[in-house]
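# Examining the three-dimensional arrangement
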Amino acid sequence: MKTFKLYDLLASIALIIIFLVISLFQRDYSFLIGYFVIGAWQLISMIIHIYYNWFTQKGGKRYYYSCTVFIIIVITVLGFVIYPFLLIFYLMLFAAPFMAVYYAWICYKEVIILRRRPLYQLK
């Protein structure tokens, strides 16, 4: 788990920085590709965390973040059936970058927790 968490954090940060730089220099639709790549990576990471029950206890930051993403996915799917729900895409255009940074921050906090030495090893 420690190795996965570290790579998860590094991949999230690297993807955010890479697509930020590409978007600043290219000034085309590449930022949209970044939305989907970063979002896909973080969605896969969330599914892995839920599957292995890592840091998913009720009341934790990851739990609430996962619930929020689930609600967004449900609203998005409803948007294809009920037109007004498609307005979620306008909201997500501005919210997604902040959500990606917040998810990376959650991963950072979890890596810090895992790197602490257990009290029984202190002398």
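Before reading on, note that the structure itself is shown above.
So, here's what we can say about the structure. As the structure is a prediction and not an experimental result, all values here were calculated from the model. (Residues numbered from 1 in each chain as written. Predicted model: local features only at pLDDT ≥ 70, side-chain atom pairs only at ≥ 80, totals over all residues. Heavy atoms only, no water.)

### Remarks on the packing of aromatic side chains
- All chains considered together, the criterion is met by nine aromatic pairs.
- Ring centres 5.8 Å apart and planes at 75 degrees place the aromatic pair Phe31 and Tyr35 in the edge-to-face group. Remark: Tyr35 and Phe31 occur in helix α2 (residues 30-52); sequence separation between them is four residues, near one turn of the helix.
- For Phe31, a relative accessible area of 35% gives the class partly exposed. (Phe/Tyr/Trp six-rings, centres within 6.5 Å; stacked < 30°, edge-to-face > 60°. Helix = DSSP H or I, 4+ residues; strand = E, 2+ residues; numbered from the N terminus. Buried < 20%, exposed > 50% of the residue type's maximum accessible area, 1.4 Å probe, protein only.)

### What about helix α1 (residues 2-26)?
- With 25 residues, α1 should reach 36 Å at 1.5 Å per residue; the first-to-last C-alpha distance of 36 Å fits that figure.
- Within α1 the residues assigned to the buried category are Lys5, Asp8, Leu9, Ala11, Ser12, Leu15, Ile16, Phe19 and Ser23.
- Structurally, α1 contributes buried residues whose contacts are with α2, α3 (61-79) and α4 (88-115).
- Looking one or two residues past α1, Arg27 carries a phi angle of roughly 50 degrees, positive in sign. (Expected span 1.5 Å × (residues − 1). Contact = heavy atoms within 4.5 Å.)

### Some details on the pattern of salt bridges
- On inspection of all chains with the given rule, the structure shows two salt bridges.
- Across the pair Lys5 and Glu110 runs a salt bridge whose closest N-O atoms are separated by 2.3 Å. Of this pair, Lys5 sits in helix α1 while Glu110 sits in helix α4, and the two are 105 residues apart along the sequence. Here Lys5 matches Glu110 in class, with each residue buried.
- The salt bridge partner of Arg62 is Glu110, with a shortest N-O separation of 2.7 Å. In this pair, Arg62 sits in helix α3 while Glu110 sits in helix α4, placing the two residues 48 residues apart along the sequence.
- Take Arg62: its relative accessible area is 1%, and that puts it in the buried class. (Salt bridge = Lys/Arg side-chain N within 4 Å of Asp/Glu carboxyl O.)

### Some remarks on the state of the cysteines
- Inspection of the entire model under this criterion finds zero disulfides.
- Cysteine Cys67 shares no disulfide, and the gap to the nearest cysteine sulfur, in Cys107, comes to 16 Å.
- Residue classification places Cys67 among the partly exposed positions, given a relative accessible area of 30%.
- On the basis of relative accessibility, which here comes to 0%, the residue Cys107 falls in the buried class. (Disulfide = S-S within 2.5 Å.)

### Regarding the nonpolar core
- Listed in full, the 12 residues of the largest apolar core are Leu9, Met46, Tyr65, Val69, Ile72, Ile88, Met92, Met99, Tyr103, Ile106, Cys107 and Val111.
- Where this core is concerned, the elements lending two or more residues are α3 and α4.
- Considering each element in turn, this core owes the most residues, seven residues, to α4.
- Among residues more than four places away in sequence, those in contact with Met99 are Gln42, Tyr65, Val69, Ile72 and Met92. (Core = buried A, V, L, I, M, F, W, Y, C linked by side-chain atoms within 4.5 Å.)

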